[in-house]
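Listed below are the residues making up each chain.
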Amino acid sequence: MKSPIQNEVGAIFVPVKDIEKARDWYCDLLDVPAEDDFPGGHLYVLPMKHAGVVLDSKIYSEEAVFGAPAFHFNTEDIEAAYTYMKEKGIDVVSEIQFGHFFNFKDPDGNLLMICKC
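First things first, this report covers the structure right here in the doc.

Procedures and definitions
Residues numbered from 1 in each chain as written. Predicted model: local features only at pLDDT ≥ 70, side-chain atom pairs only at ≥ 80, totals over all residues. Heavy atoms only, no water. Core = buried A, V, L, I, M, F, W, Y, C linked by side-chain atoms within 4.5 Å. Buried < 20%, exposed > 50% of the residue type's maximum accessible area, 1.4 Å probe, protein only. Helix = DSSP H or I, 4+ residues; strand = E, 2+ residues; numbered from the N terminus. Arc of directions from axis to C-beta. Contact = heavy atoms within 4.5 Å. Polar contact = N/O pair within 3.5 Å; in protein donor to acceptor, adjacent residues only side chain to side chain. Salt bridge = Lys/Arg side-chain N within 4 Å of Asp/Glu carboxyl O. Pairing = 2+ DSSP bridges. Axes fitted to C-alpha atoms, helices over the stretch in contact; angles between N-to-C directions.

1. Notes on the nonpolar core
Nonpolar side chains in soluble globular proteins tend to be buried together.
Logical step 1: Among the nonpolar cores identified, the biggest contains 27 residues, and Leu55 and Phe104 are the most heavily contacted of them.
Logical step 2: Sorting the residues of this core by element identifies β1 (11-15), α1 (19-30), β2 (43-46), β3 (52-56), α2 (78-87), β6 (101-105) and β7 (111-116) as the ones contributing at least two each.
Logical step 3: In terms of residues, this core owes the most to one element, α1, which gives 6 residues.

Structure representation (structure tokens):
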């Protein structure tokens, strides 16, 4: 039987403590408008070009926070992205590695990555 599972990611769920604060932070980071649509009262679907990112306050706990990047945001200019994050006062936790990526934390402590692809 051929697999009925597609080789694409639909969405990644990010545990966040306060859904409205997380929405505002991520929308500011990505320079996208923040909408007032919270399905179920605990979800916020970020407007993304490909795989979705869903902020979810229902799954938040200190144990659920990403200790390793579960995904990365793309950039075409890693140096500009690094400077942008530093200027915004975001908790950048690594230097640019191998000229291609760096890690940072969101306000809830989720470890994420920016990668030049």
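Resuming the write-up.
2. Focus on α2
One full turn of an α-helix is made of 3.6 residues, so residues set three or four places apart face in the same direction.
Logical step 1: Of the residues making up α2, those classed as buried are Ile78, Ala81, Tyr82 and Met85. Relative to the axis of α2, the buried residues are bounded by an arc of 100° and lie together on one face.
Logical step 2: Where α2 is buried, its residues contact α1, β4 (72-75), β5 (91-92), β6 and β7.
Logical step 3: The backbone nitrogen of glutamate 79 lies 3.3 Å from a side-chain oxygen of the residue at the head of α2, namely aspartate 77.

3. Concerning the environment of lysine 105
Logical step 1: Within the secondary structure layout, lysine 105 lies in strand β6.
Logical step 2: By relative accessible area, which is 33% here, lysine 105 ends up partly exposed.
Logical step 3: Considering only alpha carbons, one finds lysine 105 and phenylalanine 66, 39 residues apart in sequence, at a separation of 9.2 Å.
Logical step 4: Discounting chain neighbours no more than four positions away, the residues touching lysine 105 are Trp25, Ile90, Asp91, Val93, Asn110 and Leu111.

4. As for the pattern of salt bridges
Logical step 1: A complete count under the given rule lists 3 salt bridges for this structure.
Logical step 2: Its salt-bridge partner being lysine 88, residue aspartate 28 comes within 2.7 Å of it at the nearest N-O pair. Linking aspartate 28 in helix α1 with lysine 88 in the loop between α2 and β5, this pair joins segments that are 60 residues apart in sequence.

5. Some thoughts on the sheet that holds β2
Logical step 1: Read from one edge of the open sheet, 3 strands run β1-β3-β2, paired in mixed fashion. The open sheet is flanked by β1 and β2, the only strands paired with a single partner. Neighbour-to-neighbour, the strand axes of this sheet turn through a mean angle of 25°, independent of strand direction.
Logical step 2: Strand contacts of α1: β1, β2 and β3, with the helix running at about 10° to β2, the strand carrying the most contacts.

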